[in-house]
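One letter stands for each residue in the lines below.
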Amino acid sequence: MPRSAPSSTEERSGDAVRRLPAATGLGTNQDAVRRHNLSTVLRLVHSSGGVSRAQLARATGVNRSTIAALVAELVQLGLVVEESFDQTRQLGRPSLLVEPSRGALALVVNPDLDAVRIGLVSLGGHLVTSVRFATVRPPSAQEVVNIVTAVFAGMRSGLDASTRYIGVGLAIPGLVDAEGTVIDAPHLGWRDEPLSQLLSEALGLPVWAANDAVVGVRAQSLFGEGRGVNDLVYLYGGASGIGGGVVSGGRLVDGANGFAGQLGHTHVKSDGVQCDCGVVGCLEAEVTRRELIDAVGLADDDVESLEEVVLRRLEEPGSEELAAIVDRQVQLLAVALRSVVSLLNPSMILLGGFLRILLLARPTELTEAVHASAIRGPREDVAVALAPRSEEPLLVGAAELAFEAILADPASLHAEAAAQS
Ligand SMILES: [Zn+2]
């Protein structure tokens, strides 16, 4: 990560590095150390949501006057603010909290079968605003560009003119290569779509893209239920199937080509239906949101209420048919999760999107089915838990793609400002 980047930000930071004084080793080293420390402090502020100077000094091992200078530089760059009092501190004078600025935003986009979700996320993983733009059919890449351009213009007009837009992060229900091209998003009918490039040209901002569940696991790991969990698996079920993201040993698993974690294509049924990937019996072909929507007769524009409707109907008399569908989906999901447990030995599996319904409806059955046949070692401690209800993790995770270059080298913004003036 970031998964992809025709990245003007990286080029900018590269330029900035080349502009460092080449003379004595001392000056260069001091500058390199300062930039490294800026990055460390900004990452701490970003992941914590707010931290005192004293805590920063303790966490970095840097003295307090150096921390003060680093924080002042980050304030000047518009990336952090110092304002609220630390209410938890009982004794002594109150300490200022260093918090992520709400004026440095990433634009985030999640195209799906039936809608394009667009949001603005500030440093600290805070979703400032989001819009679900419903579409009557899967949008083309060019339609996504048109929708995003129009919605972003509307969002901008409502925000302070001084707001800084760091870049764009895309959460794609499919495979994305290192250049940000969508190699394959079968449910959208996309192949080799240069969405990142089209969007970058339309908006004049750098664009990064990655698989939706991969960015989802990143958000869960940084800000969500999986915070501090070193071995975490996230499965997200949406209109376009089931995606997966894996954190192992505290690191995102991305594989040789960045395509690791395709847990929707875990084999769960030998005589199953054909998946869009061409193989028979994949998890996402057998366990579908569509089957649940049809079972409760929900209109497509009421999909947001699917969770309540299914859970309520299961309690009502005459729900045997729906119960049988849920039971079947639970058992097939458990088959996939047993493979996941055996392969990866996670301590937590988070279920998001419509997969939450299966855990909410059959918590004991699902957990027991996962524990029942998984080999003895890995099964014992794994917790199967709910990811947040909304698509927020996908949007917040997509913003991480856009923030990464700034988090790695906040001082690169000096070069950007100089270039613009
Ligand atoms: Zn498949």
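The structure under discussion appears in the preceding block.
The rules behind each value
Residues numbered from 1 in each chain as written. Predicted model: local features only at pLDDT ≥ 70, side-chain atom pairs only at ≥ 80, totals over all residues. Heavy atoms only, no water. Donors = N, O, S within 2.8 Å, 3.2 Å for Na, K, Ca; no water. Tetrahedral: all angles 85-135°; square planar, octahedral: opposite > 155°, others 65-115°. Buried < 20%, exposed > 50% of the residue type's maximum accessible area, 1.4 Å probe, protein only. Pairing = 2+ DSSP bridges. Helix = DSSP H or I, 4+ residues; strand = E, 2+ residues; numbered from the N terminus. Axes fitted to C-alpha atoms, helices over the stretch in contact; angles between N-to-C directions. Contact = heavy atoms within 4.5 Å. Parallel < 35°, antiparallel > 145°, perpendicular 65-115°, else oblique. Left-handed = near helix turned anticlockwise from the far one by under 90°. Nonpolar A, V, L, I, M, F, W, Y, C, P; charged D, E, K, R; others polar. Salt bridge = Lys/Arg side-chain N within 4 Å of Asp/Glu carboxyl O. Phe/Tyr/Trp six-rings, centres within 6.5 Å; stacked < 30°, edge-to-face > 60°.

Undergrad: Outline the coordination of the zinc ion, listing residues and values.
TA: Distances from the zinc ion to its protein donors, H265 (ND1), C275 (SG), C277 (SG) and C282 (SG), fall at 2.0 to 2.4 Å. Geometry at the zinc ion is tetrahedral, judged from its four donor atoms and the angles of 105 to 118° they form at the metal. The buried category is assigned to C282, whose relative accessible area is 2%.

Undergrad: Describe in detail the sheet that holds strand β6 (residues 126-134), supporting the description with residues and values.
TA: The mixed open sheet is built from five strands, whose spatial order is β6-β5-β4-β7-β11. Both outer strands of the open sheet, β6 and β11 (207-211), are each paired with one neighbouring strand and no more. Going from strand to strand, the sheet's axes swing by 20° on average, the running direction of each strand aside. Relative to strand β5 (residues 115-122), strand β4 (residues 104-111) runs antiparallel, the two being bridged by seven bridges. By the bridge assignment, L107 is partnered in β5 with L120. With respect to the sheet, helix α5 (residues 141-157) is in contact with β4, β5, β6 and β7 (164-172), its orientation differing from that of β5 by roughly 40°. Here helix α6 (residues 195-203) sits on the sheet in contact with β4, β7 and β11, set at roughly 155° to β7.

Undergrad: Got a sec to walk through helix α10 (residues 306-315)? Specific residues and values, please.
TA: Looking only at α10, the buried set comprises L306, E307, V309, V310 and L314. Looking at the buried side of α10, the elements it contacts are α9 (289-296), α11 (320-344) and α12 (355-361).

Undergrad: Talk me through the packing of α9 against α10; I want residue IDs and the actual numbers.
TA: Contact geometry of α9 with α10 gives a least axis separation of 10 Å together with a crossing angle of 60°. In terms of axis orientation, α9 runs oblique to α10. α10 is crossed by α9, and the crossing has left-handed handedness. Contacts between α9 and α10 involve R289, L292, I293 and V296 from the first element and L306, V309, V310 and R313 from the second. A class-by-class count of the residues in the contact of α9 with α10 yields six nonpolar, no polar and two charged.

Undergrad: Go over the pattern of salt bridges with me, naming the residues and quoting the values.
TA: Inspection of every chain in the model, using the stated rule, returns 20 salt bridges. Between R117 and D112 there is a salt bridge; the shortest N-O distance is 3.5 Å. Across the pair, exposure class does not vary: R117 and D112 are buried alike. Ionic pairing is found between D327 and R362, a salt bridge with its closest N-O pair at 2.6 Å. Here R362 lies in the loop between α12 and α13 (363-373) and D327 lies in helix α11, a separation of 35 residues in the sequence. For R362, a relative accessible area of 15% translates into the label buried. A network of salt bridges, in which partner residues are shared, links D31, R34, R35, E73 and D409.

Undergrad: Lay out the packing of aromatic side chains with the relevant residues and their values.
TA: Tallied over the entire structure, the rule returns two aromatic pairs. Look at F152 and Y165: their rings are 5.2 Å apart centre to centre, the planes differ by 90°, and that puts the pair in the edge-to-face class. Note that F152 is positioned in helix α5 and Y165 in strand β7, a separation of 13 residues in sequence. Residue F152 is classed as buried on the basis of its relative accessible area, which comes to 3%. Here the aromatic rings of Y234 and Y236 are separated by 6.5 Å at their centres, their planes lie at 35°, and the arrangement is tilted.

Undergrad: Outline the sheet that holds strand β14 (residues 251-252), listing residues and values.
TA: With mixed pairing, five strands are arranged side by side in an open sheet as β14-β13-β12-β15-β16. Looking at which strands have only one partner, the edges of the open sheet turn out to be β14 and β16 (383-386). Inspection of the sheet shows strand β12 (residues 232-238) paired to strand β13 (residues 241-248) by seven bridges, in the antiparallel sense. Residue pairing in the sheet places G238 in a bridge with G241 of β13. Contacts from helix α7 (residues 212-222) reach β12, β13, β14 and β15 (348-353) within the one sheet, and its direction differs from that of β13 by about 45°.

Purely spatial values, then, with no claim about function.
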